[in-house]
Amino acid sequence: MDAFGSSKPVNEIDAEGLAVAVFKDERANGGLLKSLDQAVGGLISEVTKSEEFVGKEGETAYFHVSGNGLKARRLLLIGCGDRASYKSAQITQMGGTAARFLRSKNLKTIAVVPRADGEAKAAAQMVVVGAIMGMFEPDKYRTKDKEQRQLKSVTVVVDGADKKAVQRGAERGRIIGESINFTRDLANEPGAYMTPTIMADRAKQVAKEFGLSFDVLDQKQMEKLGMGSLLGVARGSDEPPKLIVMKYKPSKSTSKDLLALVGKGITFDSGGISLKPGENMELMKYDMTGAATVIGTMQAIAQLKPSVSVLGVAPCSENLPSGKAIKPGDVLRAMTGKTIEVINTDAEGRLVLADAIAYAKKLGATKIIDMATLTGAVSIALGDVNTAILGTDQELIDEVIASGVEVGEKFWQLPLDAEYTKQIKSDIADIKNVGGKKAGTITAAAFLKEFAEETPWAHLDIAGTAWGDPATPYRSKGPTGVAVRTLVEFIERSAK
Ligand code: BES
Ligand code: MG
Ligand code: ZN
């Protein structure tokens, strides 16, 4: 889908459908709404007076307006709630609702009027991110009732703004939105079609298309490096593990940092010998979302070209039971030399991340952010609203949270006091991979901290936020692509 920006008056916008934000209890008695109302013969004042449409978040009112004072043939009013709480998340959602609603009416070219305060460029970016995300459908393997309709273009309209700024914002939104959908597409693939080998191939394609350096470690190389923790997880599977490494290097750096993104890539998590219950196990195909988030973010970064170096590391493996699989009670030796008693083979994410974090450090990372569908406990703590963030560097954590606020994604910090580390003490090895029932998300992070050591590090537990259910007016059910846009924002800020 093409994305454009325009600073023309709305009545001159040449698109089939025009979507306009309307706030709670707003009437068409001034400004843009009034002139729009006049152009369509009073339809807006009529519907707002009737109270059929009061501008509540997610409400819509749709009109045929051919032959009126608009170039567009259709007008969609989108309720956006209180103007005071109309921020990044709501603007993005408005773009998604506009795109999904107008696609369902079989329109091909749409224009969106976000009516946001603040910079036109930022608003244009958010609307396009939302619109492109809104187009994602998880129905790839359907042969019937597949969503066939497609928008050709979305134009964001900010009347009177700097045209170049709106256009640049729309273009940035296209790059970021497509990268998010790329991540979602990978996350949605069944385990059989997204093995570690296939993931590495997809990452390689991205690297080639967008100009990133690429490397992949195979089992032999991992053995040489002593990655016993990652290899332990892979042992139960017939599919060989892969450690994906991507690198973005700017033509001119403004920062000495090498920022590493490390993402959990369990392409299917059955639990291993500590087998999961059958109910909902099919969802464990998305246990590679952390890795997909790394690859998607690298795809965006390669195009946006910030002036800071970024490393992407994704340890990929299946977690399956077999006669070769690791057993509860086994002891693994990680690349750093630390020994790990495996209490539960289903706590495999931290095992693959341990060696990947250590490897990122070996490659010179000065700051590390890892992301993983790591614990079920995070859904109990924060539901599907906030992503948990924990780490050792408060400045880094604060910057990620602030980047999230900027783009409309929520992160909530959980504590990581030294006391929690007691829970992962092992009787027979240095540490164990499970810390008991209490504070499961925190003890998982405490485990990772043993491998990040002194390097500034933050951890995102996306297990609760990476999968959206049910569908909403602005996005389908399924993978959400959470954190990609926050990480892009974070990286661009680090380059300033
Ligand atoms: N991949 C799961 C975590 C998960 C659960 C992600 C639900 C998404 C939705 C992870 O590997 C896991 O199994 N964690 C265990 C850890 C436990 C054994 C300490 C869990 O959370 O139950
Ligand atoms: Mg598991
Ligand atoms: Zn897992």
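No experiment lies behind these values; they were computed from the predicted model shown.

Taking burial as the measure, the five residues of strand β15 (residues 387-391) include five buried ones, the bulk of the element. Here β15 shows no split at all, with T387, I389 and G391 on one side and A388 and L390 on the other all buried. One ladder, built from three bridges, connects β15 with strand β16 (residues 411-413); its direction is parallel. For I389, the partnering residue across the bridge sits in β16 and is Q413. Between the parallel elements β15 and β16, the chain passes through helix α12 (residues 394-407) in a crossover that is right-handed.

For the rest of this paragraph, the subject is the coordination of the zinc ion (ligand 3). Binding of the zinc ion (ligand 3) to the protein goes through K264 (NZ), D269 (OD), D287 (OD) and E348 (OE), at separations of 2.0 to 2.4 Å. The coordination sphere of the zinc ion (ligand 3) comprises six donor atoms, whose angles at the metal cover 79 to 174°; the geometry is octahedral. Going along the chain, you hit the donors of the zinc ion (ligand 3) in the pattern K-x4-D-x17-D-x60-E. The distance between the zinc ion (ligand 3) and the magnesium ion (ligand 2) comes to 3.2 Å, and D269 binds to both of them. Here K264 is found in the loop between β9 (258-263) and β10 (265-269), whereas its partner D287 is found in the loop between β10 and α9 (289-304), with 23 residues between them in sequence. A relative accessible area of 2% places K264 in the buried class. Relative accessible area serves as the criterion here: at 2%, D287 is assigned to the buried category.

With that out of the way, let us pick up the domain arrangement of the protein. By domain assignment, the protein separates into domain 1 (2-158) and domain 2 (182-494). Each of domain 1 and domain 2 has a C-alpha centre, and the two are 36 Å apart. Listed as interface residues are 15 residues of domain 1 and, on the opposing side, 19 residues of domain 2. Summed over both partners, the interface of domain 1 with domain 2 comes to about 1400 Å²; 55% of that surface belongs to carbon and sulfur atoms. Taken as a group, M133, F136 and Y141 account for 37% of the area that domain 1 buries against domain 2, more than any other trio of residues on that side. Joining domain 1 to domain 2, the criterion identifies one salt bridge. For E189, the salt bridge goes to K140, with nearest N and O atoms at 2.4 Å. The tally of links between domain 1 and domain 2 comes to seven residue pairs in polar contact (both at pLDDT 80 or more).

About the thresholds
Residues numbered from 1 in each chain as written. Chains lettered and ligands numbered in written order. Predicted model: local features only at pLDDT ≥ 70, side-chain atom pairs only at ≥ 80, totals over all residues. Heavy atoms only, no water. Buried < 20%, exposed > 50% of the residue type's maximum accessible area, 1.4 Å probe, protein only. Helix = DSSP H or I, 4+ residues; strand = E, 2+ residues; numbered from the N terminus. Pairing = 2+ DSSP bridges. Right-handed = clockwise from strand over helix to strand, strands pointing away. Donors = N, O, S within 2.8 Å, 3.2 Å for Na, K, Ca; no water. Tetrahedral: all angles 85-135°; square planar, octahedral: opposite > 155°, others 65-115°. Domains from an automatic or database assignment. Contact = heavy atoms within 4.5 Å. Buried area = accessible area lost by both parts, 1.4 Å probe. Salt bridge = Lys/Arg side-chain N within 4 Å of Asp/Glu carboxyl O. Polar contact = N/O pair within 3.5 Å; in protein donor to acceptor, adjacent residues only side chain to side chain.

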